[in-house]
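Residue-level structural notes
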Amino acid sequence: MKKAKYVALALSLLLVTGVLAGCGDKNTGEGGQTVLKIGTDPTYPPFEFTNDKNELIGFDIDLANALGEKLGMEVEFVPTAFDGIFTGMNSGAYDVIMAAVSMTPKRLETMLFSKPYLANGQVILNRKEDAVLSSLEDLKDLNVGVQLGTTADTATAKYSEEVGFEVTKYDEIIQTFSAMKAGHVDAIAVDYAVAIEYVANEPESYQISPVMLTNEPIAVAIKKDNTVLQEKINAALLELKEEGKLKELSEKWMGGDYTSNIDEELNVVE
C-alpha cells in the first residue's frame, strides 16, 4: 500500500507539472519569448508622446501594440532619449526600437531593420509669416534647429557647410519649435510626418518647404543578428498592411496614408 501511495503521488506530481508547463506556454510568442521590449523616445509626436494623463500614445505606440497581438507577445516600452537609443538596444536593454527610426546605410551596418512601414524624409519647416523656403540656398545665413542625434542633425551638418547656415541642436523636437516661436531659430529640419503634425495643429504658425533633404523610410530597428525576430516582425507587418491597419493608423495620427506607397530607395546624408 505504501508503495502504491508513492507511485500515485509521483503520478500526481507529474500531472501537475505538465499542467503548469502548459499554462506557461499559453499566449507566448514563437520561440518562447513572451515579452517584446521596445525602446522609444516619448517626446516625438505624432509617433510617440505622453498625453495629459501621462499615458504613452502615438502612431508607433498603436503599431507596437498591434504587432504584439500578432506575435502573441506582451509589449513593454522602455522610454529612452533618442541620442542614446541605439546604444541601449546594443547593450540589451530592449529587443527593438520603434521611435520614428529612419533607415540609413550606416545604421544598416550595425543593426537589422524590418521592412519599412512609413514613407519619410527630412523636410524644412519655417514660420508662416516668413517667405517660403523654396531651395536649400534660401537657408543661407539662417539658423536651423534640429533634434540631436537624428538624421536631420546629420543632414544639416553637411548642408550648413555647403550653403552657409547655422545649426542649433536640441535634446527634444518640441524644443526646436519653442525656439522658433521665440525667434531663436529661423527654420527646423524634421521628419515629414512630424512637420505635418505641427502644421495641422497650428496652420497659422508653420509652413512646410517643398525642399526634401532626404528620403529615408521608417522601420523597426532590431538588434543585429536577431534574424528570427526580424522575420516574425516582417510577417506581422505584412498582415497588418493587408488588413488595412497600417493605413488606418496613418490616417488617424497623420491625416493621410503614408504606408501604401513607400519609396525604399534610400537617399540619405551620412
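In case you missed it, the structure is sitting above this.
Since this is a predicted model, take the numbers as computed values, not measurements. (Residues numbered from 1 in each chain as written. Predicted model: local features only at pLDDT ≥ 70, side-chain atom pairs only at ≥ 80, totals over all residues. Heavy atoms only, no water.)

1. Focus on the pattern of salt bridges
So the rule is basically this: A pairing counts as a salt bridge when a side-chain nitrogen of Lys or Arg comes within 4 Å of a carboxyl oxygen of Asp or Glu. In this description a helix means any DSSP run of H or I spanning at least four residues, a strand means any run of E spanning at least two, and both kinds are numbered starting from the N terminus. Under the scheme applied here, a residue whose accessible area is under 20% of the maximum for its type counts as buried, over 50% as exposed, and between as partly exposed, the area being computed with a 1.4 Å probe on protein chains only.
Overall, the coordinates contain 9 salt bridges when judged by the stated rule. We note a salt bridge from Lys181 to Glu202, for which the minimum N-O separation is 2.7 Å. Highlighted residues: Lys181 in helix H6 (residues 173–181) and Glu202 in the loop between helix H7 (192–201) and strand S12 (206–212), separated in sequence by 21 residues. Residue Lys181 is classed as exposed on the basis of its relative accessible area, which comes to 51%. Residues joined in a network through salt bridges with shared partners are Lys70, Glu239 and Glu243.

2. So, the packing of aromatic side chains
Describing an aromatic ring pair means giving the distance of the ring centres and the angle of the ring planes. Under the convention used in this document: Stacked, tilted and edge-to-face are the three classes assigned to paired rings of Phe, Tyr and Trp, where Trp is represented by its six-membered ring and a pair needs centres within 6.5 Å; plane angles under 30 degrees give stacked, over 60 edge-to-face, the rest tilted.
According to the stated counting rule, one finds 9 aromatic pairs in the structure shown. Taking the centre distance of 6.0 Å and the plane angle of 90 degrees together, the rings of Tyr192 and Tyr258 count as edge-to-face. Of this pair, Tyr192 sits in helix H7 while Tyr258 is found in the segment after helix H9 (245–254), placing the two residues 66 residues apart along the sequence. Owing to a relative accessible area of 23%, Tyr258 belongs among the partly exposed residues under this scheme. With centroids separated by 6.2 Å and ring planes inclined at 80 degrees, the aromatic side chains of Tyr198 and Tyr206 adopt a geometry described as edge-to-face. Comparing Tyr198 with Tyr206 shows no difference in burial state: the two are buried. Connected via pairs of aromatic rings, a cluster forms that spans Tyr44, Phe47, Phe59 and Tyr117.

3. Examining empty space enclosed by the protein
Gaps between atoms show up when a probe of the same size as a water molecule is rolled over them. As a reminder, the rule being used: Of the grid points, spaced at 1 Å and generated over the protein atoms alone, those admitting a 1.4 Å probe that cannot get out make up cavities, while open sets with protein on both sides within 12 Å along at least five of seven lines make up pockets; any residue with an atom within 4 Å of a point is treated as lining. Grid points are joined across faces, edges and corners, and a volume is the space filled by probe spheres set on the points. Amino acids are sorted into nonpolar (Ala, Val, Leu, Ile, Met, Phe, Trp, Tyr, Cys and Pro), charged (Asp, Glu, Lys and Arg) and polar (every other residue, Gly among them).
Under the defined criterion, the tally for this structure stands at 1 cavity of 30 Å³ or more. By volume, the largest cavity amounts to about 90 Å³. Considered class by class, the residues forming the lining of the largest cavity number 4 nonpolar, 5 polar and 4 charged.

4. So, the layout of surface pockets
Estimated volume of the largest pocket: approximately 250 Å³. Around the largest pocket sit 14 residues that line it, and Thr104, Lys106, Arg107, Thr154 and Glu270 are the ones nearest its centre. For the lining of the largest pocket, the elements supplying multiple residues, two or more each, are helix H3 (85–90), helix H4 (105–108) and helix H5 (151–164). Here the second largest pocket is characterised by a volume of approximately 200 Å³. What lines the second largest pocket is Lys115, Pro116, Tyr117, Asn234, Leu237, Leu238, Lys241, Leu246, Thr259, Ile262 and Glu264.

5. Digging into the packing of helix H2 (residues 59–71) against H9
Definition in use: Here an angle of 0 to 180 degrees is reported between the N-to-C directions of two axes, which are lines fitted to C-alpha atoms, with helices fitted over the stretch in contact. Should an angle fall under 35 degrees it is called roughly parallel, over 145 degrees roughly antiparallel, and 65 to 115 degrees roughly perpendicular, with every other angle called oblique. For any helix crossing, the convention is left-handed if the near helix is rotated counterclockwise from the far helix by under a right angle, and right-handed if that rotation is clockwise. The contact criterion used is simple: two residues touch if any of their non-hydrogen atoms lie within 4.5 Å.
One can describe the packing of H2 onto H9 by two numbers: an axis separation of 9 Å at closest approach and a directional angle of 155 degrees. When the interaxial angle is binned, H2 and H9 end up roughly antiparallel. As H2 runs across H9, the sense of the crossing is right-handed. For the pair H2 and H9, the contacting residues are Phe59, Asp62 and Leu63 in the first and Leu246, Leu249, Ser250, Lys252, Trp253 and Met254 in the second. Among the residues making up the contact of H2 with H9, the classes are represented as 6 nonpolar, 1 polar and 2 charged.

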